[in-house]
Amino acid sequence: MSSQQWAPEQATASRRSKITPERAQELYTAVLDMLREGGYESLTMEGVAHRSRCGKSTLYRQWGSKPELVVAALHGTRRGLLGRIDTGTLAGDLREAARAIGEGSGRDTPLMLALSHAALQSPELLCALRESLILPELAAIDAMVARGVERGEVAADNPAAEFVSAQLLGVMRARPLLDCAYADETFLVRFVEGAVFPALGLDAHASGS
């Protein structure tokens, strides 16, 4: 690389390094809060700058565009809570997953609803939404079911096993449309015990968390 090529790259890196990881998290939080409040279409770089008390030029210099900033916010705030659940039984795992999803439904459901339409028109945004909010939870729930099969709690050929993650995440998104309420912890625990457990052949009164 020539010195002429290196100098602009060094200058760009220097400009971008002014935003600390802590400051970036503040900006990401502001972006996601605004998405929940008003949706993707109403989100603007000017609005983010005002909410976060950051210069608009700084946002454009760091992320370039609204889609890039939203993608960065989704990746930068990834939680992955379900992957830490392992109670030793499938019943316990699913109850804990229901509680974790329900506890975050007030944050995650509005965000997914706000981004869904825009994501279908933007492959980059759709990919970020799936990678940050959807795929990690699908994988974690599928892993719980797989452990249950390995322990002999669920038959390997049980046709319901592959749909558990879709059921849990689907009802979280659908309940606001059906009942005008979020799928909170109480609702989701009742859901897994009343709908998921019977399909898997699990006892709703089985020991577990």
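All chains use their own residue numbering, which begins from 1 and follows the written sequence. Only residues with pLDDT of 70 or above have their local features reported here, since the model is predicted, and side-chain atom pairs are shown and tallied only from 80 upward, although totals for entire chains, interfaces and linings are computed over all residues. Side-chain metrics in this entry use all non-hydrogen atoms of the structure; hydrogen atoms and water are not considered.

Participant: I'd love a proper account of the nonpolar core, names of residues and values included.
Facilitator: The nonpolar side chains of a soluble globular protein tend to be buried with one another. Ranked by size, the top nonpolar core spans 62 residues in total, and within it Leu35, Val70, Leu74, Leu94, Leu115, Leu125 and Leu200 carry the most contacts. Here this core gets eleven residues from one element, more than from any other, and that element is helix H6 (residues 90–121). Should any heavy atoms of two residues lie within 4.5 Å, those residues are considered in contact. Discounting residues that sit within four places of it in the chain, Leu74 has contacts with Leu32, Leu111, Leu115, Leu125, Ala128, Leu129, Ser132 and Leu133. By convention a nonpolar core is built from buried Ala, Val, Leu, Ile, Met, Phe, Trp, Tyr and Cys residues, the set being connected through side-chain atoms within 4.5 Å. Any residue under 20% of the maximum accessible area for its type is buried, any over 50% is exposed, and the rest in between are partly exposed; the area is computed with a 1.4 Å probe on protein chains only. Starting at the N terminus, helices and strands are each numbered in turn, a helix being any DSSP run of H or I of at least four residues and a strand any DSSP run of E of at least two.

Participant: Can you lay out the pattern of salt bridges for me, pointing to particular residues and giving the numbers?
Facilitator: Salt bridges are identified by distance alone: a Lys or Arg side-chain nitrogen within 4 Å of an Asp or Glu carboxyl oxygen. Tallied over the entire structure, the rule returns eleven salt bridges. Between Glu26 and Arg23 there is a salt bridge, and its shortest N-O distance comes to 2.9 Å. Remark: Arg23 and Glu26 occur in helix H2 (residues 21–38); sequence separation between them is three residues, near one turn of the helix. Given the relative accessible area of 46%, Glu26 is considered partly exposed. A relative accessible area of 23% places Arg23 in the partly exposed class. Between Asp93 and Arg147 there is a salt bridge, with the nearest N and O atoms lying 3.0 Å from each other. With Asp93 in helix H6 and Arg147 in helix H7 (residues 123–150), this pair connects stretches of sequence that are 54 residues apart. Given a relative accessible area of 0%, Asp93 falls into the buried group. With a relative accessible area of 22%, Arg147 lands in the partly exposed category. What you see here is one network of salt bridges that share partners, running through Asp86, Asp93 and Arg147.

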